[in-house]
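# Structural overview for review
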Amino acid sequence: MAETSGITETGELGSRPRRSSWRYIGPGIVVAATGVGAGDLVATLIAGSKFGYTLMWAAVIGCLVKISLAEAVGRWHLATGRTLFDGWRTLGGWTTGYFAVYVVVWGFVYGATAMSSSALPIVALFPDGPGLKTWAIITGLIGLVFVWFNRYAVFEKAMTVLIGVMFVVVVYVAIRVVPDIGASFAGLLPVLPDGSLVYTLGLIGGVGGTITMAAYGYWVNAKGWSNPSWMKVMRIDNRVAYITTGIFVVAMLIVGAELLHSSSIALTKGDQGLIDLGVVLEDRFGAVTAKLFLVGFFAASFSSLIGVWHGVSLMFADFVERIRAGRAEEITEKAGGETVGLQERSVPFRAYLLWLTFPPMTLLWLDEPFGLVIGYGVLGAFFMPFLALTLLWLLNSSRTPREWRNGWLSNGMLGAAGLLFVVLCVQQVRDLPW
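Residues numbered from 1 in each chain as written. Predicted model: local features only at pLDDT ≥ 70, side-chain atom pairs only at ≥ 80, totals over all residues. Heavy atoms only, no water.

Along its length, the protein chain carries 18 helices and 2 strands. Taking the intrachain contacts of the protein chain between residues at least 6 apart in sequence as the baseline, contacts between residues at least 24 apart amount to 84%. Element-wise, carbon and sulfur atoms account for 66% of the exposed surface of the protein chain, whose accessible area totals about 17700 Å². (Helix = DSSP H or I, 4+ residues; strand = E, 2+ residues; numbered from the N terminus. Contact = heavy atoms within 4.5 Å. Areas by Shrake-Rupley, 256 points an atom, 1.4 Å probe, with all protein chains shown as cover.)

And the structure:
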């Protein structure tokens, strides 16, 4: 087989890949940009502000957990030629019932959250302009139009630009606060200070971990990777994604440790905490740094918005197609990229786009109903354990070709992730305002 840029025509890496091989990377960048939202950055900042560099080790372990989860999702799609939802259906009807309720309730609440998060930095940048609700609606409509009229290739390029802005801004701010290199390396030693357990579990399991982890396989197929010959490329792509995520987490821990911990400054929980940080940065480093940070805040929020608008809509389209009688075999036989291309133009894909955009706008004016908050919290808490444990099931069974089933390392990582997410699930459900 001929080689081009270190990758064979079937997608396998040559023995000495050249630098241009990196042009194949894409789905990992998309999942990293989508998974790291404003709320994740605030959680990391608060951990740094409370415990300094002490929990740096937890951020590293978190990246390893996410690499193992995303690799398992991508391996399932490539090894079997089937989508993740198709795999879930083979485990029983309970998976279909859970996903159906989850994707409807989660999408309704998340839509409002994503629009508000994207609007916050715009309001801070242009305080004399329209208010938060107006900007939230505008960002939601822009996301809708962008995903509606563009295909994966354009979507990936836009996400690459947004994650580039995030990367430059977050790393710049971390360098600007002058990190304590010695203390950061010391933080790689596993230590649990008093009162740090919840923050530690959150760092390991929370940053970059949502339903978008499950969407990774759909983006892999959208890239045109549809068989095991792309496995090595997918694994490199996945590692780049979560090493990038790790750099974000470490950089925000540094900012929290140096800028907030040393000054005993507390941030507001949720996205508003990043507005608080912008004020602190302006006092310390001036208006230019503060505004640059707000641009990075917008990139983090808006990349999550359009990432969910695209990725979860693909999952919903697949969900609808798979439950239509007599369609499963027809879809499975198609190439992955072709299937995704059809789904991007499908009625279910666009219907879910509309569901993410318009009904959630009502929540911008109304307090979230108590029952909806409870339902959203419970369903969301159960998703990551559901993902980790069903992947363990699928990848250790005859549903997966023998050579691509889990080894001891994959089983260990997915088993540890499953236990971690079960603990986090219990914690989240316990903390809900019953």
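Before going further, it helps to examine the pattern of salt bridges. Using the criterion set out here, one finds 6 salt bridges in the structure. Between Arg 235 and Glu 71 there is a salt bridge, with its nearest N and O atoms 2.9 Å apart. With Arg 235 in helix 11 (residues 231–261) and Glu 71 in helix 3 (residues 56–80), the pair connects residues that are 164 residues apart, well separated along the chain. Assessed through its relative accessible area of 24%, Arg 235 is described here as partly exposed. Among the residues examined, Glu 71 registers a relative accessible area of 11% and is labelled buried. Between Asp 318 and Arg 322 there is a salt bridge, with its nearest N and O atoms 2.7 Å apart. Placement of the pair is Asp 318 and Arg 322 together in helix 13 (residues 287–322), with a separation of 4 residues, close to one helical turn. (Salt bridge = Lys/Arg side-chain N within 4 Å of Asp/Glu carboxyl O. Buried < 20%, exposed > 50% of the residue type's maximum accessible area, 1.4 Å probe, protein only.)

Bringing the layout of surface pockets into the picture now. Each pocket or cavity is described by its volume, and for the second largest pocket that value is around 300 Å³. Counting only elements with at least two residues in the lining of the second largest pocket, the list comes to helix 3, helix 11 and helix 18 (408–431). The dominant element in the lining of the second largest pocket, judged by the number of residues it contributes, is helix 3, at 5 residues. Grouping the constituent residues of the lining of the second largest pocket by class yields 5 nonpolar, 5 polar and 6 charged. (1 Å grid on protein atoms, 1.4 Å probe; cavity = no way out; pocket = protein on both sides within 12 Å on 5 of 7 lines; lining within 4 Å. Points joined across faces, edges and corners; volume = space filled by probe spheres on them. Nonpolar A, V, L, I, M, F, W, Y, C, P; charged D, E, K, R; others polar.)

A few words on the packing of helix 11 against helix 12 (residues 272–285). Two elements in contact, helix 11 and helix 12, have axes separated by 12 Å at closest approach and are oriented at 55°. Taken together, the axes of helix 11 and helix 12 are oblique relative to one another. Of the two possible hands of crossing, helix 11 and helix 12 adopt the one that is left-handed. In contact with Met 252, Val 255, Leu 259 and Leu 260 of helix 11, helix 12 contributes Leu 274, Leu 277, Val 280, Leu 281, Arg 284 and Phe 285. Broken down by class, the residue content of the contact of helix 11 with helix 12 amounts to 9 nonpolar, no polar and 1 charged. (Axes fitted to C-alpha atoms, helices over the stretch in contact; angles between N-to-C directions. Parallel < 35°, antiparallel > 145°, perpendicular 65-115°, else oblique. Left-handed = near helix turned anticlockwise from the far one by under 90°.)

Below, the discussion takes up the nonpolar core. With 137 residues, the main nonpolar core has Leu 84, Trp 88, Trp 309, Phe 383 and Leu 387 as its most contacted residues. Looking at this core, the element that brings in the most residues is helix 13, giving 17 residues. Those residues in contact with Phe 383 that lie beyond four places of it in its chain are Trp 88, Tyr 98, Tyr 102, Thr 210, Ile 211 and Ala 214. (Core = buried A, V, L, I, M, F, W, Y, C linked by side-chain atoms within 4.5 Å.)

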